[in-house]
Amino acid sequence: MNLSQDHLSVKTTCAYCGVGCGVKATPRADGTVAIEGDASHPANLGRLCVKGSALGETVSLDGRLLYPQLRMDGGLQRVTWDAALEHAASRWQAIVAAHGPDAVALYVSGQLLTEDYYVANKLMKGYVGSANIDTNSRLCMSSAVAGHKRAFGEDLVPVCYDDLELADMIVLVGSNAAWCHPILFQRIVRIKEQRPHVKLVVVDPRRTATCELADLHLPVKPGTDVWLFNGLLSYLARIGAVDPAFVGAHTNGLDGALAAADADCAEPAAVAAACRISLDALMEFYEAFAATAKVITGFSMGVNQSSAGTDKVNSIINCHLIGGRIGKPGAGPFSITGQPNAMGGREVGGLSNMLAAHLDLDNGAHRDAVQTFWSAPRMAERPGLKALDLFHAIESGKVKAVWVIATNPVVSMPDADQVRRALEKCELVIASDIVQDTDTNAYAHVLLPALGWGEKDGTVTNSERRISRQRAFLPAPGEALPDWQILSRFAQRLGYAGFDFAGAHAVFDEHARLSAHDNRVDALPRQFDIGALAGMDRAAYDALDPVQWPLRAGGQPTARLFEDGAYSHGDGRARFIATPPRLPAHQADDEYPLALNTGRVRDQWHTMTRTGRAPKLADHVAESFIDMHPQDALLHGVREGELARLSSKWGAMVARVQHGGGIARGAVFVPIHWNGQTASDARVGALVNPVVDPVSGEPEFKHTPVRIEQFRVKWHGFVLSRTAPQLDSVAHWTRIQGRAFARYELAGRNDIADYSAWARTVLGVDDGDADWLEYFDRSAGVYRAVHVVDDRIAQCIFLSPRLDLPPRAWLASLFAQDALSDADRAGLLAGRALAQGFDAGPTVCSCFGVGRNTICAAIREQKLGSVAEVTACVKAGGNCGSCVPELKKLLAETVVAA
Ligand code: SF4
């Protein structure tokens, strides 16, 4: 084992996506943290994407939740841990006593470490006696779990990252890996450079950044993936591209799956028509798949987040099984996980329909084994409520207490206003979090401070089943505690034994021992087995190297599964699953004519609790947006750059219209990140239809019928301020983190009678003697004001009836200055730097802060023709590579000088 620390650096794991990159963090004396990639970590070999690189900008204590609080007299007030836990436990106990264990619930998160997840699951399923514990991982990968269980008999990802290097064809389905899993995508970029024959096919209704690398992009109609893969299954069978020996020896169910596929998808022309792609493109894909033995099919949220998500997963797996493209180097279906520890959550059974250690809740023998192992007094006897059902049960009063841990369902759930209603009604809402103010914490009766990344210790599992340590390198702030410890203290207060863990290592040890418990062919065999990691003391746990499960005899890790052709169903065979195609649950109509698709942007993560703090990540996409086809915009009377209101039957939001160029007619795309803390009205979850996959319970985030209309405003503006402005009279705002200030993009529907008085109210300047510079062009309706304190800019506000506001970059740079010069003051009134500088435009390369205009000018004037030349000229693309697809697009779009 390597030492986990060298000198002052600590090896840990990134807080964000399921790639699970190793990070070296070095705390500095000034309180900042230097971040670099861990060259020894197999997931990234030293590389980090821009989000990982910016982790050091996210560790400040601004806005942190530091002390336990109880809601008293209408507000949250600081109390001791004893008081907070006593209140929570006594109320919880009273509800269980009066209404039974199913009247309480936990709603947890793929952000939790495995040790936290393990304790939460043990508490609910073994001690409280209810399986009402679900997780936000329900929202991103439960369809993959269900698909794996149906096909393999266990939730198993067959491949490892190294298989990508061995493949001759990579298919990415519903995965914008360039933005959502950048280090994995950069690996594919290098594979394509070194082995240009490797064919990359991207299946996605949008032309995303990932498509810039693709040899073939199939822009399928949203929701038609099952047609595509059923058609492929049918085609492979028809042309004899079958591995009869593999199918005969290792699978069941081909006939049923083929019959279902042939029913609608036997004719490629019919499939092409259903998917709304050209027959030529379809056949190019089918013929390439049939002709290539080593194919990896990576899939992600575009597949999982659907009312047919589980069938989509199985339709992909079917195509791998029929030709034996699984369990071999460079071949297999590959679920690319969204969250940093969704996989760890799956190992401990963090979903409401799972038991711990890959055992089943609806299997009596499994329940007995776990009960014995835990010495559990009251085992849950049936699956609990899945996320959507849970919040409906809370609203109806069936569930009366919920503990929300490390997640923000008022933003992230579908029909998110329903979640708000549910929490408003709930008798007891406990929330554990790292920040004070979130849309969900606003409803907490008990608010508990948890440790965050850099402060907590434990393990996470990435998309290739690799367990890595997250290590603490910062002191615990305030009175914050690790989640496993908060849960354990709560459990002990309820009178439960079995929660006296000596540390995170002791929790991991129990988890590892449970994975090996009765794990024998004649008892409860399953592939998930990390028993070889049991028995580590704190020092050994601290030094644990990244390791892939299952660990075979002698503790040997396993990179690739199913090489022996043995699956986890009782008969040892994999299953073909019949997947009759069906469209998304709600179709567009005259009232709601557009299909809403939701997803991530490159530089933000989830609800921005962490990434929203990093100025480096703020400029790539500063505001939420509605991306749509220009002709649809024309048809619906909205214009690029202007605000529009998007609404569905369930809710509404406001954002700026843009034409990214990758959207088909009839569809719109909105990012998931913005919330009540970062924008006035941009929670897209409020619009998403509350429809779920019938097997997995995963919501259909990728398809909601919506309509769009103008959001008329009388003025536009922005504020840059070192303090929070008063925005009650502003119709629309977005907050963007800067260095030493925050920027607020504003729009108003109100008439401003007295601009000066109004601006002073917004900026909170009530001192008549304040150093206040002001410019007002009454006839044009243009107003600017600057508040200066001790010769430094403290705040500024710019307003105009049009969108012709000045670039913000120069103004932002003034906040870094110790004193304003006379030229700066004159420039502030003029609305621009007097010595006119070059406007770099919106950030494309966040690592080096290179803007779009800078890159386009270099391409034009220096006659640049490749990404390498752009990097050599302006540095963009020279670090993490996340912006390379955008550079390619700019190279294609920019006309070079003659
Ligand atoms: S790809 Fe980026 S966000 Fe994902 S784990 Fe690696 S550094 Fe973190």
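Parameters and conventions
- Residues numbered from 1 in each chain as written.
- Predicted model: local features only at pLDDT ≥ 70, side-chain atom pairs only at ≥ 80, totals over all residues.
- Heavy atoms only, no water.
- Helix = DSSP H or I, 4+ residues; strand = E, 2+ residues; numbered from the N terminus.
- Buried < 20%, exposed > 50% of the residue type's maximum accessible area, 1.4 Å probe, protein only.
- Contact = heavy atoms within 4.5 Å.
- Areas by Shrake-Rupley, 256 points an atom, 1.4 Å probe, with all protein chains shown as cover.
- Lys, Arg positive; Asp, Glu negative; His and termini not counted.
- Charge placed at Lys NZ, Arg CZ, Asp CG, Glu CD.
- 1 Å grid on protein atoms, 1.4 Å probe; cavity = no way out; pocket = protein on both sides within 12 Å on 5 of 7 lines; lining within 4 Å.
- Points joined across faces, edges and corners; volume = space filled by probe spheres on them.
- Nonpolar A, V, L, I, M, F, W, Y, C, P; charged D, E, K, R; others polar.
- Axes fitted to C-alpha atoms, helices over the stretch in contact; angles between N-to-C directions.
- Parallel < 35°, antiparallel > 145°, perpendicular 65-115°, else oblique.
- Pairing = 2+ DSSP bridges.
- Salt bridge = Lys/Arg side-chain N within 4 Å of Asp/Glu carboxyl O.

S.K.: Can you help me understand the overall build of the protein chain in this one?
M.R.: Scanning the protein chain from N- to C-terminus turns up 30 helices and 37 strands. Projecting the C-alpha coordinates of the protein chain onto the three principal axes gives extents of approximately 85 × 70 × 60 Å. Residues counted as buried form 63% of the 898 residues belonging to the protein chain. Taking the contacts inside the protein chain whose residues are at least 6 apart along the sequence as the reference set, 71% of them involve residues at least 24 apart. Accessible surface computed for the protein chain: about 31000 Å², of which carbon and sulfur atoms make up 50%. Positive and negative charge centroids in the protein chain, built from 88 and 100 side chains respectively, lie 1 Å apart.

S.K.: For this particular structure, what's the right way to read empty space enclosed by the protein?
M.R.: Picture a little ball the size of a water molecule; that probe, rolled over the atoms, points out where space is still empty. Tallying each qualifying case throughout the model produces 6 cavities of 30 Å³ or more. The computed volume of the second largest cavity comes to approximately 90 Å³. Contributing elements (two or more residues each) for the lining of the second largest cavity: helix 1 (50-53) and helix 7 (182-194). In the lining of the second largest cavity, the residues fall into 9 nonpolar, 2 polar and 1 charged.

S.K.: Help me out: how do you make sense of the packing of helix 8 (residues 225-238) against helix 10 (residues 254-265) in this one?
M.R.: Between two packed helices, both the angle of their axes relative to each other and the distance between the axes serve to describe the pair. Interaxial distance between helix 8 and helix 10 falls to 8 Å at its minimum, and their mutual angle equals 110°. Comparing their axes, helix 10 and helix 8 come out roughly perpendicular. Where helix 8 abuts helix 10, its residues Trp227, Asn230, Gly231, Leu233, Ser234 and Ala237 lie against Ala257, Leu258, Ala260, Ala261, Asp262 and Cys265. Per-class residue counts for the contact of helix 8 with helix 10 are 8 nonpolar, 3 polar and 1 charged.

S.K.: What should I look at first to understand the environment of Ser175 in this one?
M.R.: Among the secondary structure elements, Ser175 is positioned in the loop between strand 9 (169-173) and helix 6 (177-180). Classification of Ser175 by relative accessible area gives buried; the value is 2%. It is 27 Å that separates the C-alpha atoms of Ser175 and Thr894, two residues lying 719 residues apart in sequence. Those residues in contact with Ser175, other than ones at most four positions away along the chain, are Asp204, Thr210, Ser300 and Ile336.

S.K.: Please clarify how the pairing of strand 27 (residues 652-658) should be interpreted in this entry.
M.R.: A regular strand carries its side chains on alternate faces of the sheet. Of all 7 residues making up strand 27, 5 are buried, and the element is well covered by its neighbours. For strand 25 (residues 625-628) and strand 27, the ladder comprises 3 bridges, and the chain directions are parallel. Bridge pairing in strand 27 places Phe625 opposite Arg656. Taking the residues that link successive antiparallel strands as the turn, the strand 26 (residues 643-647)-strand 27 hairpin has 4 residues.

S.K.: Can you walk me through the sheet that holds strand 35 (residues 792-800) in this structure?
M.R.: Whether parallel or antiparallel, the strands of a sheet pair through hydrogen bonds between backbone atoms. Taken in spatial order, the 6 strands line up as 31-32-30-35-34-33 in an open sheet, and their pairing is antiparallel. With partners counted over all chains shown, the strands left at the sheet margins are strand 31 (732-737) and strand 33 (771-777), one partner each. When strand polarity is set aside, the average angle formed by the axes of neighbouring strands in this sheet is 10°. Across 7 bridges, the pairing between strand 30 (residues 715-721) and strand 32 (residues 742-748) is antiparallel. Looking across to strand 32, one finds that Val719 is bridged to Tyr744. The strands touched by helix 25 (residues 755-763) are strand 30, strand 33, strand 34 (782-789) and strand 35; relative to strand 35, the strand with the most contacts, the crossing angle is about 130°.

S.K.: What's the story with the pattern of salt bridges in this structure? I'm lost.
M.R.: Under the defined criterion, the tally for this structure stands at 46 salt bridges. In this structure, Asp243 and Lys328 form a salt bridge, with 3.7 Å as the shortest nitrogen-oxygen distance. Of this pair, Asp243 sits in the loop between helix 8 and helix 9 (244-250) while Lys328 is found in the loop between helix 14 (309-322) and strand 14 (332-335), placing the two residues 85 residues apart along the sequence. Residue Asp571 is joined to Arg575 by a salt bridge in which the shortest nitrogen-to-oxygen separation is 3.1 Å. Residue classification places Arg575 among the partly exposed positions, given a relative accessible area of 22%. What emerges from the salt-bridge pattern is a single network uniting Asp619, Arg743, Glu745 and Arg808.

S.K.: How should I be thinking about helix 17 (residues 387-396) in this particular structure?
M.R.: Structural remark: α-helix, 3.6 residues per turn; residues separated by three or four positions point the same way. Within helix 17, 7 of the 10 residues are buried, which leaves the element mostly enclosed by the surrounding structure. For helix 17, the complete set of buried residues consists of Ala387, Leu388, Leu390, Phe391, Ala393, Ile394 and Glu395. In this structure, the buried side of helix 17 is in contact with strand 7 (104-108), strand 8 (133-135), strand 15 (401-405), helix 18 (409-412) and helix 19 (416-425).

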